[in-house]
Each structure stands twice: as C-alpha cells, then as structure tokens.
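Breakdown of the fold
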Amino acid sequence: MVLNMGPQHPSTHGVLRLELITDGEIVKEVIPHIGYLHRCFEKHAESLTYQQTIPFTDRMDYLASMNNSHAWVMGVERMLGIDKEIPKRVEYIRVLVCELNRIASHLIAIGTYGIDIGAFTPFLWCFRDREHIMGMLEWASGSRMLYNYIWVGGLFYDLPVGFEERAREFVEYFKPKMVELNGLLTDNQVFINRTANVGVLPLDVAINYGCSGPMLRGSGLKYDLRRIDGYSVYPELEFDIPIGTGLMGKVGDCWDRYKVRVDEIQESLKIIEQCLDRLQKELKRTPEFDPRAKLPRKLSPKPQDYYVRCEAPKGELGFYFIHLQRKEKDKNGNDRFFDTEIPFRVKSRGPSFSNLSVLPAMSKNVMIADLIAIVGSIDFVLGEVDR
C-alpha cells in the first residue's frame, strides 16, 4: 500500500508529507515531500540590507530565533572586519540568550517527542518550564518568539535591570525539574522499549548525509562547532559535549538522540551560570554602557564570498554570502561601481534539511509506529527545511 502521513498529521511536526510504501505494518520505503512552508528567506535577504534581514532569520527555525540571528550577525561582522571590536558584555549577553533559547528549543523537542510516543505529562511539564524562558526573553527583547534582539555590532538593548538575578532563579528552579523529567521519561521502561534499538543511525551514514547537532552526536561523534570553531566567547567557557553511547540499546538509536538533548540542557545551564557570573562581576552594567555603540553607520562590506556557521540547537546553521558592488551606467554609457548594503546572493544551510534527508536511510523495514519515533527523534522545523 502507498500511505500518506501528513501534511496534516500532528506527529510530522509541521507541514511535512511522508509518502510510505508499506507491506502490511512494515514500512518498505519513506519518501519525504517538503515545500509546504517555503519562507523565501534567500530572496528576501537579496533585496534587503543586512540589518533588515535579521527578523527574517528569526522565522527560519522559529524555535531558536536567537541562535539564527547570532550566526547571521557574526558573518556580517566578520565581513565588515569589526568582529574583534564587539564589547565583551555584548558577547556574553549573546551567549546567555542563545543558551536560554537552546534550552527552550530542546524542551519542545523532548516534550513533543514524549507526546508522539504516547506520554502526555512530559509535554505539559516541558512547556511549563519553557514558559519561564519565553518570559525572560520577552522581557529582554519585547517579543515572545521572534526576537530581533542580536544586531550587527551589538544588541537591540541592554538586559533589563534584574534580568541576571531572574535568570539565576530560573536555573535554581529548573535543575530539580530536570531530575523529575529524567525519572518520568528518560528512565521510563515503556519509553526505553519504544526508542532503544529503533532508528539506528550509523556514524558513517550520518556523516555522508551531512547530519549535524544532536543527530550526529547521538551517533557517537564529539563534534560541536562551539568547540571546533570557538566562536564568540565559547572558548572562555567550560562545558562538555554529550554523545550517544548506546547505553540502552545501540549507539545512534532514538534513545541516544533524545538523551543527547537532555544532557545538552544540563551543559547549557552550566554555560548560563558562567555567563551570569561574568555579567554580574567584571562585566557589570554601567550607566555609560551602550550596546549600540559599535553599530556601523553603513553596512557595506568589501566585495567577497564568505561562509559563517554556528551550532544551533538542531545542528550546523550556516550562511553563505556573496557581496558585490552595485553597477550602474553613467550618462556616457560607462560602468560605475557603488558600495551597497544589500548582498548579491545569500544561501542558508539549515541543519533540519540535512537531518531530514537521512530519514529514508533510517526507516527501511521498520514498523509504522517506529517511524513516528524516528521522525520525532530528528527534531526538525519545517521553516528551516524550506527556508
């Protein structure tokens, strides 16, 4: 039989259509059909200035807007040659909000994964705790999901007075909640039976398909761009890189991918605490600190090609820029070149796209119920797949 799963099915996590070729209850082949949520991001980026494009980066992986704009902004700053001039306080605030957003993104991944497999309570718990992060990021930026907070050369605004104290309260509140969540879901025998030894992704297959983030680390490779590229202030921070170890089944199964995300939340909490220590001591707020002080008056880099990448919650998020001068003819018909603030071409490399492309290779001869577990373990966002 040929079955359509989606694009209205709740467990396809958005408008994704999976065409299943089945033999009874066994899935022989999966063909993903994408393109139901095309964002036109690259076309927008080629008709707007670099600063104006930041709200559009937020709408790709809309569950991790801070991380998207951080990657975009880093690329533009390096093209302009101002990346070494960014104040330390700005860099630490950027890392702080990105790690808060990473936890929020992983909480959705874990909560919705639980509900895919039939556990309703973890879904409610994860959304309850995520609400605290949403509240804090809204306090900082004025928006709940699409923040437009990290700007080229600085920030939209400094953190509100009292933000650091409230963030610390959240960390203390959240640590015991993670222990409860592990007891409810991670060590739950029913959950382990549904996810261990299911959807095993061998490391060589993950690498060949260009998987990144928890998908790649779940298969046992310590590959995290925060360590490898050492961007922003991550080299100054201490944190581990969790990987899949095959504790409950085989390395690279659904349980391993889930566990990597749980462990990454713990590491993000460590990073947040270190950022708060620095922001409350040597990088304390002062009345004269202006997060917009380094904002360039004109964003026109030299003509160049440039690729920038960062470790988003779902994997390697990259932007490839081609910047050229604008060409016009004068009244004598001669070519004249002008600086422009608009990129000639922009290509976005969304991690969800590569991670989703490996689905047919992971889903040969599995049960239909197991396919739901495999799809949920990938944790993709369709706004980033279709861009």
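Residues numbered from 1 in each chain as written. Predicted model: local features only at pLDDT ≥ 70, side-chain atom pairs only at ≥ 80, totals over all residues. Heavy atoms only, no water.

Counting 106 residues, the largest nonpolar core has W72 and Y149 as its most contacted members. Element by element, the count of residues in this core is highest for helix 4 (residues 88-117), at 14 residues. Not counting residues up to four positions away in its chain, the partners in contact with Y149 are M66, I93, V97, A140, S141, L155, F156, Y157, D158 and L159. (Core = buried A, V, L, I, M, F, W, Y, C linked by side-chain atoms within 4.5 Å. Buried < 20%, exposed > 50% of the residue type's maximum accessible area, 1.4 Å probe, protein only. Helix = DSSP H or I, 4+ residues; strand = E, 2+ residues; numbered from the N terminus. Contact = heavy atoms within 4.5 Å.)

Let's shift gears to the pattern of salt bridges. As enumerated under the stated definition, the model contains 33 salt bridges in all. With its nearest N and O atoms 2.7 Å apart, the salt bridge here joins E77 to R94. On the criterion of sequence distance, the pair formed by E77 in helix 3 (residues 65-80) and R94 in helix 4 is long-range, its members being 17 residues apart. For E131, the salt bridge is made with R144, and the minimal N-O distance between the two is 2.8 Å. With a gap of 13 residues between them, E131 in helix 5 (residues 121-141) and R144 in the loop between helix 5 and strand 4 (150-151) connect regions that are remote in the sequence. Take R144: its relative accessible area is 33%, and that puts it in the partly exposed class. (Salt bridge = Lys/Arg side-chain N within 4 Å of Asp/Glu carboxyl O.)

At a minimum axis separation of 13 Å, helix 4 and helix 6 (residues 163-186) run at an interaxial angle of 25 degrees. By the angle between their axes, helix 4 is roughly parallel relative to helix 6. By crossing handedness, the relation of helix 4 to helix 6 is classed as left-handed. Counted together, R89, L96, L100, I103, L107 and I110 of helix 4 and F163, E164, F170, F174, L181 and L185 of helix 6 form the full contact between these two elements. In the contact of helix 4 with helix 6, the residues fall into 10 nonpolar, no polar and 2 charged. (Axes fitted to C-alpha atoms, helices over the stretch in contact; angles between N-to-C directions. Parallel < 35°, antiparallel > 145°, perpendicular 65-115°, else oblique. Left-handed = near helix turned anticlockwise from the far one by under 90°. Nonpolar A, V, L, I, M, F, W, Y, C, P; charged D, E, K, R; others polar.)

What follows deals with the packing of aromatic side chains. The way to describe two aromatic rings as a pair is by their centre distance and the angle between their planes. Counting across every chain of the model gives 19 aromatic pairs. Measuring from ring centre to ring centre gives 5.2 Å for W72 and F319, while their planes differ by 85 degrees; the resulting arrangement is edge-to-face. Here F319 lies in strand 7 (residues 315-323) and W72 lies in helix 3, a separation of 247 residues in the sequence. What makes W72 buried here is its relative accessible area of 0%. With centroids separated by 4.8 Å and ring planes inclined at 65 degrees, the aromatic side chains of F191 and Y258 adopt a geometry described as edge-to-face. Linking F191 in helix 7 (residues 189-195) with Y258 in helix 11 (residues 254-280), this pair joins segments that are 67 residues apart in sequence. Take F191: its relative accessible area is 4%, and that puts it in the buried class. Under the relative-accessibility criterion, Y258 is labelled buried at 2%. Grouping aromatic residues by their ring pairs yields a cluster made of F41, Y50, W72, F319 and F321. One cation-aromatic arrangement involves R89 over F289; the distance from NZ or CZ to the ring centre is 5.6 Å. The ring of F239 carries R227 above its face, with NZ or CZ at 4.0 Å from the centroid. (Phe/Tyr/Trp six-rings, centres within 6.5 Å; stacked < 30°, edge-to-face > 60°. Lys NZ or Arg CZ within 6 Å of the ring centre and 35° of its normal.)

Turning to the pairing of strand 6 (residues 304-312), a few remarks are in order. With 9 bridges connecting them, strand 6 and strand 7 associate as antiparallel partners. Along strand 7, the bridge assignment pairs Y306 with F321. Connecting strand 6 to the next strand, strand 7, in antiparallel fashion are 2 residues. (Pairing = 2+ DSSP bridges.)

For the rest of this paragraph, the subject is the side chain of N355. With respect to the helices and strands, the residue N355 is situated in helix 12 (residues 351-357). You can call N355 buried: its relative accessible area is 1%. A polar contact is formed between the side chain of N355 and the backbone nitrogen of S212, at a distance of 3.2 Å. Sequence-distant contacts of N355, that is, excluding residues within four places in its chain, are made with C211, S212, M215, K314 and I378. (Polar contact = N/O pair within 3.5 Å; in protein donor to acceptor, adjacent residues only side chain to side chain.)

Quick look at the sheet that holds strand 3 (residues 26-33) now. If you walk across this open sheet you meet the 4 strands as 1-2-3-11, and the pairing is antiparallel. Among the strands making up the open sheet, the edge pair consists of strand 1 (2-5) and strand 11 (366-367). Two strands pair when backbone bridges link them, and strand 2 (residues 17-23) and strand 3 are joined in this way by 7 bridges, in the antiparallel orientation. Considered in strand 3, the bridge of L18 is made with P32.

Read across the open sheet, the 3 strands follow the order 6-7-10; overall the sheet is antiparallel. With one partner strand each, in any of the chains shown, strand 6 and strand 10 (345-349) form the two edges of the open sheet. Between one strand and the next, the sheet's axes are offset by a mean angle of 10 degrees, whatever the strand orientation. Bridging between strand 7 and strand 10 involves 5 bridges; their strand directions are antiparallel. In the sheet register, Y320 faces strand 10, and the bridge partner there is K347.

Mapping R166 onto the fold places it in helix 6. Given the relative accessible area of 35%, R166 is considered partly exposed. Spatially, the C-alpha atom of R166 lies 8.0 Å from that of M136, the residues being 30 residues apart in sequence. Leave out the neighbours within four places in its chain, and R166 touches G135, M136 and W139.

From the geometry alone we can't say anything about function, so treat these as descriptive.
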